[in-house]
Amino acid sequence: MPAIDQLHAIEILDSRGRPTLQASCRFRDGSQGSTSVPSGASTGAAEAHELRDGDPQRYRGRGCRVAVANIRGEINAALKGREIDNQESLDRTLVELDGTPQKTRLGANALLAVSLAWARANAARQRLPLYRYFGQMPGFGPPTSLPRPTVNLFSGGAHAGGQVPLQDLLILPRRTQEMAGALEICVAVYESAADLIGDKYDARRLTADEGGLAPPFTRCEDMFEDALLAIENAGYRPGEDVCLALDVAASQFYRDGRYRLEGSLSAEAMIELLSDWAQRWPVVSIEDGLAENDWAHWPQLRRRLAGRALVLGDDLLCTNPARIQRAIDENAADALLLKVNQIGTLTEAARSCQLAREAGWHVTVSARSGETEDNWLADLAVGWHGQHIKIGSITQSERLAKYNRLLAIADATGMPIPG
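Read on for an overview of the structure. (Residues numbered from 1 in each chain as written. Predicted model: local features only at pLDDT ≥ 70, side-chain atom pairs only at ≥ 80, totals over all residues. Heavy atoms only, no water.)

### Here's the deal with the sheet that holds strand 3 (residues 32-36)
Item 1. The antiparallel open sheet is built from three strands, whose spatial order is 1-2-3. Each edge of the open sheet is held by one strand with a lone partner, namely strand 1 (4-13) and strand 3. Put simply, the sheet's adjacent strands are angled 15° from each other on average, direction ignored.
Item 2. Pairing between strand 2 (residues 19-27) and strand 3: five bridges, direction antiparallel. Each residue of the ladder has a partner; that of Ser24, found in strand 3, is Ser34.
Item 3. Against the sheet, helix 1 (residues 65-79) contacts strand 1 and strand 2, and its axis sits at roughly 175° relative to strand 1. (Pairing = 2+ DSSP bridges. Helix = DSSP H or I, 4+ residues; strand = E, 2+ residues; numbered from the N terminus. Axes fitted to C-alpha atoms, helices over the stretch in contact; angles between N-to-C directions. Contact = heavy atoms within 4.5 Å.)

Set out below in structure tokens:
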């Protein structure tokens, strides 16, 4: 069993210039690993607690020195010298050490950084690629395929200053079973869209947090119309070669029981609007189409979209097993957006993934708006058999690091994207 020699951490900056954590773990046999953790902009109320310093004199209160100190101090002191035989044992120890339901004492960001760093060190100790290590965790097994990418094309909402309320319109390449071919399609459509908005809006390539283009749309439907034009101009067929996915992030514009989306809509009217979009456009997935606590109407949305588009839960579910089980029981969704930092440790996220799988749901493994060049997410999506991966657009190094890792895994293994 590996024995921890030292845990260390530093404060680093994410892709938005905001602080986050990088943690490292060294075993007594010399094996070691380090990892960086992301943070989100559109965050669910039920997410595990991301510990920030709150000092307005540093990074507007967003500093992470306290979380860093927790890793260097209390967590290192509790784990140093201990032999831990598996990921579940480590993560259980971390959760017990924190002792709070939402990981508010030590910080979910601190716990996740240690959980991932230990995983990397253990994979190195076993001389395993990280995706193989993740596949060894209980309930998964050796991976045989790669996730299909869903790539940000246009952005609004919290990711792009809110010029339109919808957060992201994404493209889903479908014509190919090769990762290289899928990314080639996405780049062609993205370049076509960039040309289109230059001509139509006289706009530069201004991008949102995750790299999506953010022209000055005047209405939500502009996003769909321009996406179809970009696909066609790139030489592809909408709905056949390339489909669309929508991240509504409805909690961001939900107030007093109404959806403030180009007017004031009831939940029933919002559901009808989403259903209409799914009929008119080649939309195969709708994420957070309703507010995170509008539980009364999610089953209705699920029924309306059944057979046409996945009902994908992000803020609704927060990668939390209790919320996922409720959604299963109430038939409120049929797909999970898995974000490990929403729950705080690898083992808890794995439990959420398995719960969704047992219900017959799709699983999309997702990055966050505040990312780093660390590429562990690609290995996680492969090792945990994600059907889709949501990284962001095909620009910006923190996104490309993960796409390039998928290309490397594809080259090393020959694994396809399922049809």
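### Some thoughts on the pairing of strand 6 (residues 242-247)
Item 1. Of all six residues in strand 6, six are buried; the element is thus mostly enclosed.
Item 2. Side chains Val242, Leu244 and Leu246 project from strand 6 onto one buried face, and the interleaved Cys243, Ala245 and Asp247 project onto a second face that is buried too.
Item 3. Note that strand 5 (residues 168-173) and strand 6 share six bridges and pair antiparallel. Its bridge partner being in strand 6, Leu170 is matched across the sheet by Ala245.
Item 4. Bridging between strand 6 and strand 10 (residues 283-287) involves four bridges; their strand directions are parallel. Counterpart to Ala245 in the pairing with strand 10 is Ser285. (Buried < 20%, exposed > 50% of the residue type's maximum accessible area, 1.4 Å probe, protein only.)

### Remarks on the packing of helix 1 against helix 2 (residues 87-98)
Between two packed helices, what matters for the description is the angle formed by their axes and the separation of those axes.
Item 1. Two numbers describe how helix 1 lies on helix 2: the axes approach to 11 Å, and their chain directions differ by 130°. By the angle class used here, helix 1 and helix 2 are oblique. Read as a crossing pair, helix 1 and helix 2 show a hand that is right-handed. Between helix 1 and helix 2, the contacting residues are Glu74, Ile75, Ala78 and Leu79 on the first element and Leu90, Thr93, Leu94 and Leu97 on the second.
Item 2. Within the contact of helix 1 with helix 2, the residues separate by chemical class into six nonpolar, one polar and one charged. (Parallel < 35°, antiparallel > 145°, perpendicular 65-115°, else oblique. Left-handed = near helix turned anticlockwise from the far one by under 90°. Nonpolar A, V, L, I, M, F, W, Y, C, P; charged D, E, K, R; others polar.)

### Considerations on the pattern of salt bridges
Item 1. Tallied over the full model, the rule gives 26 salt bridges.
Item 2. Salt-bridge contacts for Glu348 lead to Lys103; the nearest nitrogen and oxygen are separated by 3.0 Å. Taken together, the positions of Glu348 in helix 10 (residues 346-358) and Lys103 in the loop between helix 2 and helix 3 (108-125) put the pair 245 residues apart, joining distant regions of the chain.
Item 3. Look at Lys103 and you get buried, because its relative accessible area is 4%.
Item 4. Residue Glu221 is joined to Arg280 by a salt bridge in which the shortest nitrogen-to-oxygen separation is 2.6 Å. Note that Glu221 is positioned in helix 6 (residues 220-233) and Arg280 in helix 7 (residues 267-280), a separation of 59 residues in sequence.
Item 5. When its relative accessible area of 17% is taken as the criterion, Glu221 is described as buried.
Item 6. By relative accessible area, which is 40% here, Arg280 ends up partly exposed. (Salt bridge = Lys/Arg side-chain N within 4 Å of Asp/Glu carboxyl O.)

### Structural notes on the environment of Ala350
Item 1. Tracing the sequence through the fold places Ala350 in helix 10.
Item 2. Taking the C-alpha atoms as reference, Ala350 lies 23 Å from Ala401; in sequence the two are 51 residues apart.
Item 3. When residues no more than four places from it in sequence are discounted, the contact partners of Ala350 are Met137, Phe140 and Trp384.

### A look at the packing of helix 1 against helix 3
Item 1. At a closest axis distance of 10 Å, the pairing of helix 1 and helix 3 adopts a crossing angle of 55°. Our classification of the angle between helix 1 and helix 3 gives oblique. Here the hand of the crossing between helix 1 and helix 3 comes out right-handed. Each of Ala67, Ile71, Ile75 and Leu79 in helix 1 lies in contact with helix 3, whose residues at this interface are Asn109, Ala110, Leu111, Ala113 and Val114.
Item 2. Its residues placed into classes, the contact of helix 1 with helix 3 shows eight nonpolar, one polar and no charged.

### Remarks on the packing of aromatic side chains
Item 1. Taken as a whole and assessed by the stated rule, the structure comprises 10 aromatic pairs.
Item 2. Between Phe224 and Trp277, the aromatic rings sit 5.1 Å apart at their centres with planes inclined by 45°, giving tilted as the arrangement. Of this pair, Phe224 sits in helix 6 while Trp277 sits in helix 7; the two residues are 53 residues apart in sequence, bridging distant segments of the chain. Trp277 shares its class with Phe224; the two are buried.
Item 3. Considering the side-chain rings of Phe224 and Trp281, the 5.6 Å spacing of their centres and the 10° angle between planes classify their relative orientation as stacked. Remark: Trp281 occurs in the loop between helix 7 and strand 10 and Phe224 occurs in helix 6; sequence separation between them is 57 residues.
Item 4. When its relative accessible area of 0% is taken as the criterion, Phe224 is described as buried.
Item 5. Judged by its relative accessible area of 11%, Trp281 is buried. (Phe/Tyr/Trp six-rings, centres within 6.5 Å; stacked < 30°, edge-to-face > 60°.)

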